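# Descriptive structure summary
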Amino acid sequence: MLRRTVTTGLAAAALAAPLVLGALPAAAQQTTLRVFIGGQQRPDVMRPLMDLFQQQNPGVRVEIEVGGATSEAQQQYLTTVLTSRDPAIDVMLIDVVRPAQFAAAGWAEPLDAYLGGTDRATVLRRYLPGYAEAVVVDNKLMSLPAFADAMFLYYRTDLLQKYGLQPPRTWEETVSHARRIMAGENNPNLQGLNFQGAPIEGTNCTFLIPFWQLGGNLVGANNRVTVNNDAGRGAFQFWLDAMRTHRVSPANSAEVRTDDTRLQFQNGNVAFAVLWAYGWNLFQSEQSQVRGKVGVVPLPTFQGRQSATCIGGWQWAVSAFSRNKPDAAKLVQFLASGVASKHLAINASNLPVLPDLYRDPDVLRTNPWFEAALPVVITARSRPVSPRYPEVSEIIRTNVNGVIAGTKTPQAALTEMESRLQRVLR
Amino acid sequence: MSSKSPRRSIGDLSEGTLGLLMLLPAILLLCLIVVYPVGRLMYISLFDWRMSLPNAVPAFVGLEHYIYALTDDPKFWDAVYNTVLITIITVPGALVVGLGLALVANLPFKHRWPTRLALLLPWALPLVFAGLIFRWFFNYDYGLVNDILQRLGFGKVLWGTDPNLAFFTICLVIIWKSSSFMAMILLAGLQTIPRNLYEAAKVDGATSWQCFWKITLPMLIPSMVVALVFRTITAIQTFDIPYAMTGGGPGGTTETLAMYIHKTTIDFLDFGYGSALAMLMFLVSLGATTIYLRIIQGDKE
Amino acid sequence: MGSVSIRKVVKSYGAVPVIHGVDLEIREGEFVVFVGPSGCGKSTLLRMIAGLETITGGEIAIDGKVVNDLPPRARDIAMVFQDYALYPHLSVRENMGFGLKLRGTPAPEIEARVGDAARILKIDHLLDRKPRQLSGGQRQRVAMGRAIVRKPKVFLFDEPLSNLDALLRSEVRTEIKKLHQHLKSTIIFVTHDQVEAMTLADRIVVLKGGHIDQVGPPDTIYNAPATQFVAGFTGSPPMNFLPAELTDTHIRFENGQSLAIPDQRRPRGLPSGSRVVFGIRPEHVSRADGAAQLDMPVTLLEPLGSDTLAFLSVGEREIVGRFVPELAPRPGETARISIDMRKYHLFDQDHGRAVGSLDG
């Protein structure tokens, strides 16, 4: 209840702000804010939020620049803009893995000075703890949370019902369910369990999830990288078995990118899929073949192990080279508000960054599974945090991709990962 | 010009001085677009220069990057190996296919433009588009190639997962894409061969096959060398097609030197090491060009 | 050596006929020159003999064997092209030996035959050069050498002298003639230059618009042209023509002037009053005293050194006379000029055919 009040208070403050600014003579001038949003992050759903902000802030116009679909493509574009200190972009939506790098490179403007007197701790208290932590680097507020994300297990309710199966809690169950369904359906195009193995950012999670569940910890005591161990071997073995022994995962898993999983599932070719939250909204859309036949549960774990999933999500940051930082900071605070988070939850099935919204009846009407997702998001784990994250990511994903493709043995991949990660993370 | 020395008009300059003067704009332009960037690249390659830490002072490291690349970086050698393999497969491959296309386009059809348009199309297509189109062609689930194979009763082939097949498809696309460039240069060469040489050879007793080997091929050598120089240099710089088709996968087995440089500089923002790698690639291209130029010069003597 | 028979040969490009049925027998060892203006079909005919153009109708036989469907390599002919068509990437030696090598002739024999040909043509010091290092005349010899070493049944020359300057042309012309006497081979030579035709040929074939106008030895072509075209094509300057009317005793020109016909040269088969074209060569227009004389105004003189050409008016028409310089009339005067009526020709006004059987 207290949290709700805070949220409402922020919304009120946001509404009040233009009145304060409106009194200033400078407000008569037209400011244009350019917001960079990746193509897969639903810029179409973001647009009404920008319109709302424009209404509340006469004199400010917000333009959306749509970026590439994948996190890497967006990163490459932003890198070019930011290393050349181009002021063209004021606000950007960045992946949860990026703030450390943006802070080290000095690309994001610290937002502490723009909180209008409110202290940082008060602002951050409203958010899910994992996301509140992720936005602070070296004791500076580098960004504000936009929406949360995590990997879930999507399943086909119709298929489970047909074979009298319950949603799986363990990987062992998942595999046996998948085998049962595949045997029963006898459809060569039906995949039991689809996951991402292409050399992309999301593939890091493909490795880290079973690795964590088996007790692995990428960076141990004294900053030592510990990946060449039983947990590492177990993680690889699980996916290799799923593909080769149980044959529930497709043979071309090394080519599967995030949106390939979404498309295959949406086209009705997949019984179980490991995927981020954004899939839900699309699976329930008109053009989906599986509309009304989709269930979501937290990711399974191994028998007798703790569950774990990969934390995802996106943050709003202000470019250090923006010429309109106060306005940009104001926009960012608006976009990180409860109003915005609720809008995104309903219209894009983006997981809210504010815990209250997981119990909001409007939100739950479109995303009934959010209630169960809250504990998952709270316990989801971060990928390694480093200003050299792009290198970390490349080391992991290339090796995972090699193992999934069969060009590398798990042992060779783990050895290489450990030695190369050690050099980058030291 | 009120100085006492007699005024000199341009006409008074010696031929050498005048020549130099007239070359000056070209020399300046060349300095601006070639010498400066290469010099700058070499300079940066001697520093530990990371754009991810723009406020840190770049430390001078001398030849450390070069030594690391050549002695201690297996990824560099993998990338070099892949690049060399792509070069020695696709350059002769494109030459042979391109020669065939050029010969077809040079046939005395009534309407030559359809053949020539067909020749031009792959060349006019941007590299990345070509890569993306063929990525779909060879897609495991939706691809045209696997669909045809299945209709013919064969199983689906893992074009993007098997490293040899992935490499093969990349080479195939590069050959497809670049053979039209080859063909255009060779077609221009073919058209400069006087028709009466063939008539003379026929009267001398040559069959069509002998005409090809004894007249067409030797007369095409200058065009072929030009085409090979250009193609080799672009092959050494191969980037777009593997980037779009496999992204370097599976497991980095199709990553070229240019992709590794791109990754190092653009993804990792490690400009110092990236510049050193780029310098190495520049030297390889320079070496290849020198060899070709030697061949041409040797032929002239 | 070989004979060549051309029987009712027709060539058309699509619907456009360019050779309209040509008949010709070329004997073994004969030097035959095809001559005519450009577009007359002479080169096309030569290329049909070579096998470089298909034959639309009729047949061509070499040494009695019909070659219509044989490729050039099976016809045992050699050809010298107008621009020589030397292989630029091969040395002179390789150019000359190319045909022999293709036929699998042993290397020592190639060497010997190339050497012989090079000596005959005086190019033995150039054997290791590339064509681009040679002058025009040298290239021409190499092209001939390439033909000679093959020892073919028939040599075909397609305007081989037209790219040479005037001096070199007459020099090479002489050499070709010597070469023919030395080799005694059948040669078919195409040119548009009547001097080449006259000097080289055993027999001249005059072509016009895809037809043969006349075939014969040079003196026949010159002295007894079968048509006004042949008459106008040979000689320099060519024969003069004046439209005229035939009377019982005279030839009367348009301006009323007339010439008496000597009894022994009276045209046969032409009735009085026939309209004809009177032809006379410039060398038969003189100042010598003769039976037939006309008064003609002199419009212009062209001194050539050995002779002087005078342009003379006959009414609205003009004729040219060739005079010994000392006897040339002066421009402006009206001179009394003799016409050698033993040498005149008459042609049909409509078809240009020689009429009156003056040479029969």
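Note that the structure is a prediction, hence the values are computed from the model and not measured.

### Let's talk about the overall build of chain C
Along its length, chain C carries 8 helices and 20 strands. Taking the principal axes of the C-alpha coordinates as reference, chain C spans close to 75 × 45 × 35 Å. Here chain C holds 360 residues, and 51% of them are scored as buried. For chain C, the accessible area works out to roughly 15900 Å², and carbon and sulfur atoms hold 49% of it. Of the charged side chains in chain C, 45 are positive and 43 negative, and the gap between their average positions amounts to 6 Å.

### Quick word on the pattern of salt bridges
A complete count under the given rule lists 50 salt bridges over all chains for this structure. Here R50 of chain B makes a salt bridge to E391 of chain A, at a shortest N to O gap of 3.9 Å. Within this pair, whereas R50 of chain B is found in the loop between strand 1 (47–48) and strand 2 (59–60), its partner E391 of chain A is found in helix 17 (residues 389–405), the two belonging to separate chains. The class for R50 of chain B is buried, based on a relative accessible area of 18%. Among the residues examined, E391 of chain A registers a relative accessible area of 9% and is labelled buried. The network of salt bridges with shared partners includes E394, K408, E416 and R420 of chain A together with K75, E255 and K263 of chain B.

### Quick look at the interface of chain A and chain B
Quite often, the size of an interface is put as the accessible area lost when its parts meet. Each side of the interface is counted separately: chain A has 30 residues, and chain B has 33 residues. For the pair chain A and chain B, the summed buried surface comes to about 2600 Å²; carbon and sulfur atoms form 49% of the total. Applying the counting rule to chain A against chain B returns 3 salt bridges. In this structure, K75 of chain B engages E394 of chain A in a salt bridge whose closest nitrogen and oxygen atoms are separated by 2.8 Å.

### As for helix 5 (residues 166–183) of chain C
Residue and element names in this part refer to chain C. Compared with the 26 Å implied by 1.5 Å per residue over 18 residues, the 25 Å span of helix 5 between its first and last C-alpha is a close match. Its buried side turned inward, helix 5 meets strand 3 (31–35), helix 3 (107–121), helix 4 (136–148), strand 7 (154–158), strand 8 (186–191) and helix 6 (194–200). Two residues or fewer past helix 5, K184 is found with a positive phi of approximately 55 degrees.

### Digging into the domain arrangement of chain A
Residue and element names in this part refer to chain A. On domain assignment, one finds that chain A holds domain 1 (12–142 + 312–379) and domain 2 (150–310 + 385–425). Computed from C-alpha atoms alone, the centre-to-centre distance between domain 1 and domain 2 is 29 Å. Counting from both sides, the interface comprises 22 residues of domain 1 and, opposite them, 24 residues of domain 2. Taken together, the two surfaces of domain 1 and domain 2 that pack against each other cover about 1800 Å², and 64% of this comes from carbon and sulfur. Summed over the shared surface of domain 1 and domain 2, the result is 0 salt bridges. Viewed at the interface, domain 2 and domain 1 are joined by 7 residue pairs in polar contact (both at pLDDT 80 or more). Split into classes, the residues belonging to the side of domain 1 that touches domain 2 amount to 11 nonpolar, 7 polar and 4 charged.

### Here's the deal with the pairing of strand 9 (residues 203–208) of chain C
All names here are of chain C. By the criterion of burial, strand 9 is predominantly enclosed, with 5 of the 6 residues buried. Relative to strand 9, strand 3 is paired through 4 bridges, and the arrangement is parallel. Paired with V35 across the strands is V206, a residue of strand 9. As defined by bridge partners, strand 9 adjoins strand 10 (residues 211–216) across 5 bridges and the pair is classed as antiparallel. By the bridge assignment for strand 10, V206 is matched with Q214. Count of turn residues in the strand 9/strand 10 antiparallel hairpin: 2 residues, of which G209 carries a positive phi of about 55 degrees.

### Examining the interface of chain C and chain B
If you look at the interface, chain C gives 21 residues, while chain B gives 18 residues. Contact between chain C and chain B buries roughly 1700 Å² in total, counting both sides, with carbon and sulfur atoms accounting for 62%. Three residues, R73, H89 and L102 of chain C, lead the burial of chain C against chain B; their summed loss comes to 32% of the area buried on that side. A salt bridge links R47 of chain C to E199 of chain B; its shortest N-O distance comes to 2.5 Å. Scanning the region where chain C abuts chain B turns up 10 residue pairs in polar contact (both at pLDDT 80 or more). Per-class residue counts for the side of chain C that touches chain B are 12 nonpolar, 2 polar and 7 charged.

### Some words on the packing of aromatic side chains
How two aromatic rings sit relative to each other is set out by the distance from centre to centre and by the angle between their planes. On inspection of all chains with the given rule, the structure shows 41 aromatic pairs over all chains. An aromatic cluster of at least three residues, connected via ring pairs, comprises F152, Y154, F265, W280, F283, Y358, W369 and F370 of chain A. Here the guanidinium or amino end of K156 of chain B rests over the ring plane of Y140 of chain B, the centre of that ring lying 4.5 Å away. Seen from the ring of Y222 of chain C, R281 of chain C lies directly overhead, with NZ or CZ sitting 3.8 Å from the centre.

### A look at the sheet that holds strand 19 (residues 334–339) of chain C
Spatial strand order, 15-19-16-17-18 (chain C): 5 strands in an open sheet with antiparallel pairing. Strands with a single pairing partner mark the edges of an open sheet, and in this sheet they are strand 15 (285–286) and strand 18 (317–323) of chain C.

### Overview of the side chain of N196 of chain B
Considering the arrangement of structural elements, one finds N196 of chain B in helix 8 (residues 195–204). By relative accessible area, N196 of chain B is classed as buried at 13%. Setting aside residues no more than four positions away along its own chain, N196 of chain B makes contact with F81, D83 and A85 of chain C.

### Quick look at the state of the cysteines
Residue and element names in this part refer to chain A. A full pass over the atoms with the stated rule returns 1 disulfide over all chains. The disulfide that involves C205 links it to C310, with 2.3 Å between the sulfurs. Judged by the sign of its S-S torsion, about -70 degrees, the bond between C205 and C310 is left-handed. With C205 in helix 9 (residues 201–213) and C310 in the loop between strand 10 (294–298) and strand 11 (311–318), this residue pair connects regions lying 105 residues apart in the sequence. Classification of C310 by relative accessible area gives buried; the value is 0%.

### Examining unusual backbone geometry
Negative phi characterises most residues that are not glycine, and trans characterises most peptide bonds. The linkage connecting S236 of chain C with the following residue, P237 of chain C, adopts the cis geometry, with an omega of -10 degrees. On the secondary structure map, P237 of chain C appears in the loop between helix 8 (228–233) and strand 11 (240–246). Located in the positive-phi region is R247 of chain A, a residue other than glycine, with phi close to 55 degrees. Looking at the element boundaries, R247 of chain A is found in the loop between helix 10 (230–245) and helix 11 (258–266). Taking relative accessible area as the criterion, R247 of chain A reaches 60% and is therefore assigned exposed.

### Considering the sheet that holds strand 10 of chain C
Residue and element names in this part refer to chain C. Taken together, the 6 strands give an open sheet; going across it, the order is 6-7-8-3-9-10, and neighbouring strands pair in mixed fashion. For this open sheet the edge positions go to strand 6 (77–80) and strand 10, each flanked by a neighbour on one side alone. Pairs of neighbouring strands in the sheet enclose a mean axial angle of 15 degrees, with direction left out of account. In the sheet, strand 3 pairs with strand 8 via 5 bridges, with the strands oriented parallel. Paired with V35 across the strands is T191, a residue of strand 8.

What counts and how
Residues numbered from 1 in each chain as written. Chains lettered and ligands numbered in written order. Predicted model: local features only at pLDDT ≥ 70, side-chain atom pairs only at ≥ 80, totals over all residues. Heavy atoms only, no water. Helix = DSSP H or I, 4+ residues; strand = E, 2+ residues; numbered from the N terminus. Buried < 20%, exposed > 50% of the residue type's maximum accessible area, 1.4 Å probe, protein only. Areas by Shrake-Rupley, 256 points an atom, 1.4 Å probe, with all protein chains shown as cover. Lys, Arg positive; Asp, Glu negative; His and termini not counted. Charge placed at Lys NZ, Arg CZ, Asp CG, Glu CD. Salt bridge = Lys/Arg side-chain N within 4 Å of Asp/Glu carboxyl O. Contact = heavy atoms within 4.5 Å. Buried area = accessible area lost by both parts, 1.4 Å probe. Expected span 1.5 Å × (residues − 1). Domains from an automatic or database assignment. Polar contact = N/O pair within 3.5 Å; in protein donor to acceptor, adjacent residues only side chain to side chain. Nonpolar A, V, L, I, M, F, W, Y, C, P; charged D, E, K, R; others polar. Pairing = 2+ DSSP bridges. Phe/Tyr/Trp six-rings, centres within 6.5 Å; stacked < 30°, edge-to-face > 60°. Lys NZ or Arg CZ within 6 Å of the ring centre and 35° of its normal. Disulfide = S-S within 2.5 Å. Axes fitted to C-alpha atoms, helices over the stretch in contact; angles between N-to-C directions.

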